[in-house]
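Coordinate inspection notes
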Amino acid sequence: MLDAQQALERLKQGNDAFVREDIHSPYLGGQLRRILASGQAPFAVIVGCSDSRIPVEMVFHQGLGDLFVVRVAGNVVHHTQLGSIEFGVDVLGAKLVVVMGHERCGAVDACLNMISTEEANLSEHLNTIVDIIKPSAAKASGETDREVALNKAIKFNVEANVQRIIDNSEIMAKHVDSGKVKVIGAHYELSSGRVEFFD
Ligand SMILES: [Zn+2]
């Protein structure tokens, strides 16, 4: 199993390949499927947005069995996401957790709009997501430039969800305290395909 630093290097290399369009697809063969059928040991857990433009394995150029992926609109960490993260780390042994936000995130954008218009006609389920993003959007909403506000809100939301993992899970706090597991944020730029890590 890769340690946290090695895992981060592998993600960086994979994303470099994606950005350069140096892409091969050696990861989907039957032999590998049969090996993986008996067990998995993904080297990283990625919490990403459901946004269709950011398929996580593709942007990191990884294949079957490599990543334990949690995708949810706004890359928020609530109970079920936290359970998945704990499983990826505590049971499967991944040493790196990345919460990845992205440019022009619709979920964060909608939250900013709600704050400025004070409109809130959402379903109970959408509200669960909005409630988590709202403090980050509120913190950025003082910016006069809308684009700047959105970019800041997206970054604040990543930082807040990194913190939620440590604050809301004793298991994760214990792993991070041990120094063996790292939880970091990242940002995906839509047009370049580049991932910037906040490590
Ligand atoms: Zn998004």
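All figures in this text were calculated on a predicted structure; none of them were measured in a lab.

Rules behind the numbers
- Residues numbered from 1 in each chain as written.
- Predicted model: local features only at pLDDT ≥ 70, side-chain atom pairs only at ≥ 80, totals over all residues.
- Heavy atoms only, no water.
- Helix = DSSP H or I, 4+ residues; strand = E, 2+ residues; numbered from the N terminus.
- Rg over C-alpha atoms; globule rule 2.2 N^0.38 Å.
- Contact = heavy atoms within 4.5 Å.
- Areas by Shrake-Rupley, 256 points an atom, 1.4 Å probe, with all protein chains shown as cover.
- Pairing = 2+ DSSP bridges.
- Axes fitted to C-alpha atoms, helices over the stretch in contact; angles between N-to-C directions.
- Donors = N, O, S within 2.8 Å, 3.2 Å for Na, K, Ca; no water.
- Buried < 20%, exposed > 50% of the residue type's maximum accessible area, 1.4 Å probe, protein only.
- Core = buried A, V, L, I, M, F, W, Y, C linked by side-chain atoms within 4.5 Å.
- Parallel < 35°, antiparallel > 145°, perpendicular 65-115°, else oblique.
- Left-handed = near helix turned anticlockwise from the far one by under 90°.
- Nonpolar A, V, L, I, M, F, W, Y, C, P; charged D, E, K, R; others polar.

This next bit is on the overall build of the chain. Along its length, the chain carries 8 helices and 5 strands. Taking 16 Å as the expected radius of gyration for a compact globule of 199 residues, we find that the chain reaches 17 Å, a close match to that expectation. Once the C-alpha set of the chain is aligned to its principal axes, its extents read approximately 55 × 40 × 30 Å. For the chain, long-range pairs separated by at least 24 residues make up 72% of all intrachain contacts whose partners lie at least 6 apart in sequence. With the model as given, the accessible surface of the chain reaches about 10,300 Å², and the carbon-plus-sulfur share is 50%.

What the 5 strands build is an open sheet, ordered 2-1-3-4-5; its pairing is mixed. Whereas interior strands pair on both sides, the edge strands pair on one side only; in this sheet they are strand 2 (67-71) and strand 5 (195-198). For this sheet, the mean inter-axis angle between neighbouring strands, taken without regard to orientation, is 25 degrees. Across 5 bridges, strand 1 (residues 44-48) lies against strand 2 in parallel orientation. Bridging from a neighbouring strand, isoleucine 46 pairs with valine 69 of strand 2.

Ligation of the zinc ion by protein atoms is provided by Cys49 (SG), His102 (NE2) and Cys105 (SG), these donors lying 2.0 to 2.3 Å from the ion. Read N to C, the donor residues that coordinate the zinc ion are spaced as C-x52-H-x2-C. Taken individually, histidine 102 and cysteine 105 each receive the classification buried, so the pair is uniform in this respect.

Here we take up the nonpolar core. Counting residues in each nonpolar core, the largest one holds 20 residues, and the members touching the most others are Leu11, Phe60, Val98, Met100 and Phe197. Contact partners of leucine 11, with chain neighbours within four places excluded, come to Phe43, Ala44, Ile46, Phe60, Leu67, Leu96, Val98 and Phe197.

The next subject is the pairing of strand 1. Regular strands place side chains that alternate from one sheet face to the opposite one. Counting buried positions over the 5 residues of strand 1 gives 5, a clear majority of the element. Here strand 1 shows two buried faces, one formed by Ala44, Ile46 and Gly48 and the other by Val45 and Val47. Pairing geometry for strand 1 and strand 3 (residues 96-102), over 5 bridges, is parallel. Each bridged residue has a counterpart across the sheet, and for isoleucine 46 the counterpart in strand 3 is valine 98.

On to the packing of helix 4 (residues 79-91) against helix 8 (residues 170-177), then. Running from amino to carboxyl end, helix 4 crosses helix 8 at an angle of 40 degrees, the nearest separation of the two axes being 10 Å. Taken together, helix 4 and helix 8 sit at an angle that is classed as oblique. Handedness of the helix 4/helix 8 crossing: left-handed. Contact residues: Ile85, Glu86, Val89 and Asp90 in helix 4; Ile171, Met172 and His175 in helix 8. Classifying every residue of the contact of helix 4 with helix 8 by side-chain character gives 4 nonpolar, 1 polar and 2 charged.

For the rest of this paragraph, the subject is the side chain of asparagine 157. Along the chain, asparagine 157 turns up in helix 7 (residues 146-168). Judged by relative accessible area, which is 1%, asparagine 157 ranks as buried. Ignoring anything within four residues of it in the chain, the contact list for asparagine 157 reads Gly74, Asn75, Val76, Val108, Ile132, Ile133 and Ser136.

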